[in-house]
Amino acid sequence: MAHWRAVRSSGCESVLKENHVTPTAPVSRARATPAVLCTIVIPCRHEEDNVGPLIERLAAVLHDVELLFVDDSDNEHTVDAIALAAARLERDDLRVRVFHRTGGQRVGGLAGAVVDGFRRARAVKALVMDADLQHPPELVPSMLAALDEVDLVMASRYCEGGSSGGLDGPLRRFVSSGSTLLARVAFPFALRGVTDPMTGFFGVRLDKMDTDKLRSRGFKILLEILARYPRLRRTELPLDFGQRHAGASKGDLRQGMLYLRQLPWLRLVTWFGTPVLRWAALLGVIGAATLALAVSPLSGAAVLALLVTVVATYNTVVGALEVRWRLYGWRTPEAVEQMRWPAAVPDEIKERFTIIVPALNEEFVIAGTLRHLLQQDHDDYEILVSLCDGDDATIAEVQRVQAEHDPHGRVRTVVRAYTRSNKPRQLNAALEVATGTVIGVVDAEDDVAPQLLTRVNTLFGSTDADVVQGGVQLMTLGTRVRDWFKVHNVMEYFFWFTSRMFYQVRTGFVPLGGNTVFIRRQLLEQAGGWPDNLTEDCALGVLLCTRYDARVVAAYEPELATREEVPQTIGSRRSGSLFWQRVRWNQGFLSILLEGRWATLPTLRQRALAGYILATPFLQAFSALLLPLSVVTILWLKVPVFVAMLMYAPFVPIIITLATQIVGLREFARAYRQKVLWRHYAFLLFGAPVYQWVLMGAAFWAVWQHVDGNTTWHKTAHGGHHRPLALEGTPA
């Protein structure tokens, strides 16, 4: 497993033990970090003879920076050499960190190492250079100064004053020139005015780009940055490319083949990088399908029968799969035992928990949430409330709880200023200062059972899990007619956490829930914290399952489920909107689906399940759109007998689903001691089509926003309606 080592550049602080993780999660690009002016990202592999002289020369010309080595070596020699060189320094204004990637963590080669470094950088300015001293450290101060004026600075071998003398022989010079020529042909606009797009010595402002979108493999990370962000303000400085200090170049034929594969892929991705081109592609697909039907040699009746058959089959398959997963917890005997939380064990090893509570404009609910968390019966935990500068009302409520209800000082605050705040940025800001061995996430309106941390601790110890997912349940059924949609939302959560979650755990692919999830801190920091995604929980689950082969376990009992409220309205963002919440979720799922990381899962079954889960909102939305077509065809069209029979098939899983909804509502009422009215059953039966159309609209709107490039974070407002008494400042 990959691990971190970190040292201060002073002789009094030694290298930390292997696998001890320092707070090195990525920070929000929306804030500056005054203590660190720049992060120097240095990818390396078997460079133990070079890193010492490199650190010495960088220390001679720099101050208030961090050196972040991302090491892909097969042994510890380079890490040990870095630690030794850092310990010899007699200054305390230079921080040296090492991220040693091993095995499956070495994704993307040198380019992947650079991206990992970007995600872990503590400064807004980042500079990339090689470890072999072919990139002169003495040029770094000039490059950092240039980043005060521009977004991207490149050290060029081919601009006036530069030299490529360090290239080994005519063959390497030919390969370098040929690669540059191919890049110019592929990206004539993006590379206009750039003399050396292949250079590995450059600096960039991380707040001007989204590092999670970088997907380069091999050596040429700068080319992707230039291609994806052609409007960055940029400049070049002359580079005297020197001779390698020691060792041999890592460039080989395989790297050349990776580059040739990367070019057309990158060209295709950037073609569809703007909303106009994405809309053009979508309309082109629709037009091509329409044209294919128009010129088809089949008769009109045959085409219609074919379409009806396809629609009916599609709706039947989608409905049947939903029924299968919905009933997993009922039809699988071992699932009942699998769901239970293990009882606490005396004298077990106790983890230290850090519970992160991200909050923005949550002054009505945050106090109640913190009071519930302070009732935990686990001995060793802290609560980090991640807040936004300027949210004075929420900050005041947290301070009130600290003064009145926190005699042990468990609650700490992390207040940051963000140009654009969202949940993953607030989570990562708190991760920086977390002290626990296990990191948990609780939302600002959650009611958490007092025994939860103790049982999570036992589950970690008994299963050797990397991630534990607990149950979450929406509680507000509503009593008014305008609350008709709430019972549907409650049932979605009920079946997800009592059935579908355990099917996913068994299969080995789990898109994590947004709260009541607990992750070993070492693993979380190796993954770089939470991805900056509209559904950061799902994105993190995909990342941990695919790249880190994380062991995820889940447990559920009603008494230990975290309790939340249903959004108060369908469309009002101010009061809390189900529609806009789903738009955000669906857009996040779509972005993760299109990224394709799920396709690297080891088995076909896992890949099929992952792809279907991520695509489910859109498949079901399409099914809801097509179902009225089935009704119309049944009533009005004359089709062959087989087709007519097939048209009735989608209604079988629909009827089964409605029946499970009725039974599930009774189970929910019994398990959670809730009063269920006859109107709730009526809402389930008669409101089902309308509810599906609301979800369909949210799914299609999410596609619209994704194609349009709109990544607005639609935050769901909370009022504490799931609590018996609203004690947070105003009545719920």
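All values reported here derive from a predicted model rather than from experimental measurement.

(A) Molecular detail of the nonpolar core. The biggest cluster of nonpolar side chains holds 86 residues, and the ones touching the most others in it are I519, W530, L544, L665 and F668. No other element matches helix 16 (residues 486-507), which puts eleven residues into this core. Not counting residues within four places of it along the chain, the set of residues in contact with W530 comprises R119, I356, P424, L427, N428, L431, I439, V441, L524, E536 and L540.

(B) Looking closely at the packing of aromatic side chains. Counting across every chain of the model gives 13 aromatic pairs. The interplanar angle of 90° and the centroid separation of 6.0 Å between the aromatic rings of F353 and F518 together place this pair among those described as edge-to-face. Separated by 165 residues along the polypeptide, F353 in strand 9 (residues 353-358) and F518 in strand 15 (residues 517-520) bring together distant segments of the chain. For the pair formed by F353 and F518, the shared burial category is buried. Ring geometry for W701 against W704: centres 6.5 Å apart, planes inclined by 20°, an arrangement best described as stacked. Pair noted here: W701 and W704 are both in helix 23 (residues 678-708), with a separation of three residues, about one helical turn. Since its relative accessible area comes to 37%, W701 is described here as partly exposed. Here the aromatic residues W325, Y328, Y503 and Y612 are joined through ring pairs into a cluster of three or more. The ring of F495 has R326 sitting right over it, with the charged end atom 4.4 Å from the ring centre. The ring centre of W713 lies 4.7 Å from the NZ or CZ of R584, which sits over that ring.

(C) Inspection of the environment of L58 at higher detail. Topologically, L58 is positioned in helix 1 (residues 51-61). Residue L58 is classed as buried on the basis of its relative accessible area, which comes to 0%. For the pair formed by L58 and P141, sequence separation is 83 residues and the distance between their alpha carbons is 9.5 Å. Non-local contacts of L58, meaning those with residues more than four positions away in its chain, are made with I42, L67, M129, P137 and V140.

(D) Region of the structure containing a positive patch on the surface. On the surface, a cluster of positive charge is made up of R324, R331, R506 and R605. Residue position: R506 is located in helix 16. The class of R506 is partly exposed, set by a relative accessible area of 43%.

(E) Structural context of helix 1. Three or more residues of helix 1 are buried, namely V51, G52, L54, I55, L58 and A59. All buried residues of helix 1 project into a common sector of 160° when viewed along the axis, lining one side.

(F) Highlighting the sheet that holds strand 11 (residues 411-416). Pairing is mixed across the open sheet formed by seven strands, whose spatial order is 11-10-9-12-15-13-16. Across the chains shown, the open sheet's two edge strands, defined by having one partner strand only, are strand 11 and strand 16 (552-554). With direction set aside, neighbouring strand axes in the sheet form an average angle of 20°. Here helix 14 (residues 423-431) sits on the sheet and contacts strand 9, strand 10 (381-388), strand 11 and strand 12 (438-441); the angle it forms with strand 10, its principal contact strand, is near 135°.

(G) Examining a nonpolar patch on the surface more closely. Taken together, the side chains of F622, L625, W693 and F700 present a nonpolar region at the surface, about 370 Å² in accessible area. Among the elements of the structure, helix 20 (604-636) and helix 23 are those that each provide at least two residues to the nonpolar patch. Structurally, the position occupied by L625 is in helix 20. The partly exposed category is assigned to L625, whose relative accessible area is 37%.

(H) Layout of unusual backbone geometry. Positive phi is not limited to glycine here, since D549 has a value of about 50°. By secondary structure assignment, the location of D549 is in the loop between helix 18 (536-547) and strand 16. A positive phi angle is found at R673, which is not glycine, with a value near 55°. Counting through the fold element by element, R673 comes out in the loop between helix 22 (651-672) and helix 23. For R673, a relative accessible area of 68% gives the class exposed.

(I) Main features of the side chain of Q661. The residue Q661 is located in helix 22 in this model. Exposure remark for Q661: the relative accessible area of 10% places this residue in the buried category. For Q661, the side chain forms a polar contact with the side chain of R326, separated by 2.8 Å. Q661 has contacts with R326, H488, M491, F495 and L684, leaving out every residue within four places of it along the chain.

(J) Highlighting helix 23. The end-to-end C-alpha distance of helix 23, which contains 31 residues, comes to 43 Å, matching closely the 45 Å that a straight helix rising 1.5 Å per residue would cover. For helix 23, the principal kink sits at G687 and spans about 65°; a proline, P689, occurs within the next four residues. Immediately beyond the C-terminal end of helix 23, within one or two residues, lies G709, with a positive phi of roughly 75°.

(K) Spatial organisation of the environment of R425. You can see R425 is positioned in helix 14. Overall, R425 belongs to the buried group, its relative accessible area being 18%. A sequence separation of 111 residues divides R425 from E536, and the C-alpha atoms of the two residues are 9.7 Å apart. Side chain to side chain, R425 and D532 meet in a polar contact 2.8 Å long.

(L) Representation of the state of the cysteines. For the structure on display, the rule yields zero disulfides. Here C538 stays unpaired: no disulfide links it, and the sulfur of C545, its closest cysteine neighbor, is 9.8 Å away. For C538, a relative accessible area of 2% translates into the label buried.

(M) Region of interest: the packing of helix 22 against helix 23. Orientation of helix 22 relative to helix 23, taken along the N-to-C sense of each, is 160°, at an axis distance of 10 Å. Between helix 22 and helix 23, the crossing angle belongs to the class labelled roughly antiparallel. Viewed along their axes, helix 22 and helix 23 form a crossing whose handedness is right-handed. Side by side, helix 22 and helix 23 meet where L658, Q661, I662, L665 and R666 of the first sit next to H680, Y681, L684, L685 and A688 of the second. Split into classes, the residues belonging to the contact of helix 22 with helix 23 amount to seven nonpolar, two polar and one charged.

Here is what the cut-offs are and how they apply
- Residues numbered from 1 in each chain as written.
- Predicted model: local features only at pLDDT ≥ 70, side-chain atom pairs only at ≥ 80, totals over all residues.
- Heavy atoms only, no water.
- Core = buried A, V, L, I, M, F, W, Y, C linked by side-chain atoms within 4.5 Å.
- Buried < 20%, exposed > 50% of the residue type's maximum accessible area, 1.4 Å probe, protein only.
- Helix = DSSP H or I, 4+ residues; strand = E, 2+ residues; numbered from the N terminus.
- Contact = heavy atoms within 4.5 Å.
- Phe/Tyr/Trp six-rings, centres within 6.5 Å; stacked < 30°, edge-to-face > 60°.
- Lys NZ or Arg CZ within 6 Å of the ring centre and 35° of its normal.
- Patch = residues over 30% accessible without salt bridge, like charges linked within 9 Å, V, L, I, M, F, W, Y side chains within 5 Å.
- Areas by Shrake-Rupley, 256 points an atom, 1.4 Å probe, with all protein chains shown as cover.
- Salt bridge = Lys/Arg side-chain N within 4 Å of Asp/Glu carboxyl O.
- Lys, Arg positive; Asp, Glu negative; His and termini not counted.
- Charge placed at Lys NZ, Arg CZ, Asp CG, Glu CD.
- Arc of directions from axis to C-beta.
- Pairing = 2+ DSSP bridges.
- Axes fitted to C-alpha atoms, helices over the stretch in contact; angles between N-to-C directions.
- Polar contact = N/O pair within 3.5 Å; in protein donor to acceptor, adjacent residues only side chain to side chain.
- Expected span 1.5 Å × (residues − 1).
- Bend = angle between axes of the 7 residues up to and from the residue.
- Disulfide = S-S within 2.5 Å.
- Parallel < 35°, antiparallel > 145°, perpendicular 65-115°, else oblique.
- Left-handed = near helix turned anticlockwise from the far one by under 90°.
- Nonpolar A, V, L, I, M, F, W, Y, C, P; charged D, E, K, R; others polar.

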